[in-house]
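Secondary and tertiary structure notes
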Amino acid sequence: MSAPESGTVYLVGSGPGDPDLLTVKATRLLESADVVLHDKLPGPEIIDQLPEDRREDVGKRAGGERTPQSAINERLVELAREGKSVVRLKGGDSFVFGRGGEEAEYLADHGVPFEVVPAVTSAIAAPAVAGIPVTHRDHASSVSFVTGHEDPTKDESAVDWDALAATGSTIVVLMGVGRLPDYTQALREAGMNPETPVALIERGTWPGQQVATGTLESIVDVRDEHDISPPAVTVIGEVAGTREGVLEFLVNEANDTNDANEATKQTEEED
Ligand code: SAH
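As a starting point, this report considers the structure included with it. None of the values given here were measured: they were computed from a predicted structure. (Residues numbered from 1 in each chain as written. Predicted model: local features only at pLDDT ≥ 70, side-chain atom pairs only at ≥ 80, totals over all residues. Heavy atoms only, no water.)

Attention now goes to the sheet that holds strand β9 (residues 170-174). Ordered by their spatial adjacency, five strands build an open sheet running β8-β9-β12-β10-β11, and the pairing between neighbours is mixed. The outermost strands of the open sheet, each flanked by one partner alone, are β8 (143-147) and β11 (210-215). Across the sheet, the mean angle separating the axes of adjacent strands is 20° when strand polarity is ignored. Bridge analysis of β8 against β9 gives five bridges, and the strand direction is parallel. By the bridge assignment, Val143 is partnered in β9 with Thr170. In the packing of helix α7 (residues 180-189) onto the sheet, contacts are made with β9, β10 (197-202) and β12 (232-236), and the angle to β12 comes to roughly 10°. (Pairing = 2+ DSSP bridges. Helix = DSSP H or I, 4+ residues; strand = E, 2+ residues; numbered from the N terminus. Axes fitted to C-alpha atoms, helices over the stretch in contact; angles between N-to-C directions. Contact = heavy atoms within 4.5 Å.)

Now the structure itself:
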């Protein structure tokens, strides 16, 4: 018997978590795939509707360890070589802090055909549903998406906080709850106004979404007071201050329940 022709791997972003924000293409592929490899970040509403016999949770931590990326890569190739149609489902957009680039390289290196299915990234959507535009004609002409997962004091930090402070750009930090004290301090030391508005959006578009606002100076206390936990994005810049003016009529806010749900709290690495 000859080996089956290779199946295709679809690198699919789920959007920020509200199933209504899945793309039409993502929905179609989730219905037709032989198997869906996912982690926790797509959120409970999307994951719970995947048929149990066609899904594999590769975000699970056995004994505190997450599935290594190498094992996920190998599993994708293995399933494709069985001729299967495989969806690799990531939270937000797979190519924004989602390791989708690494998966694409691995698949290409192993001769597996793949398709990238772009999606709504939490970096834009979580601020948006909180009423915060990441750019605004009066307040910000550029926006930077950065990881907060690194130690800003380490010499080889890949994020240049000094440079970011100087640009006047909106800064959206992903994976940045734990190190909030470090990078807000780095930005203040770089000369950014301590009164700069800052917003934290936890589980944007999920049930239990929380939004908390403050300034570069106060936001660490605000985080602690509201018990903001991952997954959350931090928005730093004048745009974060525009929220107040629209809040009264922002209907998205009706979804805020503010009841922290422990089961859906996450660690901060890229899944
Ligand atoms: N690929 C994802 C990002 C993965 S990195 C995307 O495009 O959205 C993981 C980080 O994403 C989390 O630590 C958090 O900062 C952010 N994140 C993902 N989903 C989120 C959501 N629904 N609300 C707030 N932040 C979210």
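Moving on, we get to the packing of helix α3 (residues 69-81) against helix α4 (residues 100-109). Contact geometry for α3 and α4: axes closest at 10 Å, N-to-C directions at 45°. Accordingly, the angle class assigned to the pair α3 and α4 is oblique. Our pair here, α3 against α4, has a crossing hand that is right-handed. Of the residues in α4, those touching α3 at Gln69, Ile72, Asn73, Glu74, Leu76 and Val77 are Glu102, Glu103, Tyr106 and Leu107. (Parallel < 35°, antiparallel > 145°, perpendicular 65-115°, else oblique. Left-handed = near helix turned anticlockwise from the far one by under 90°.)

In short, geometric facts, not functional conclusions.
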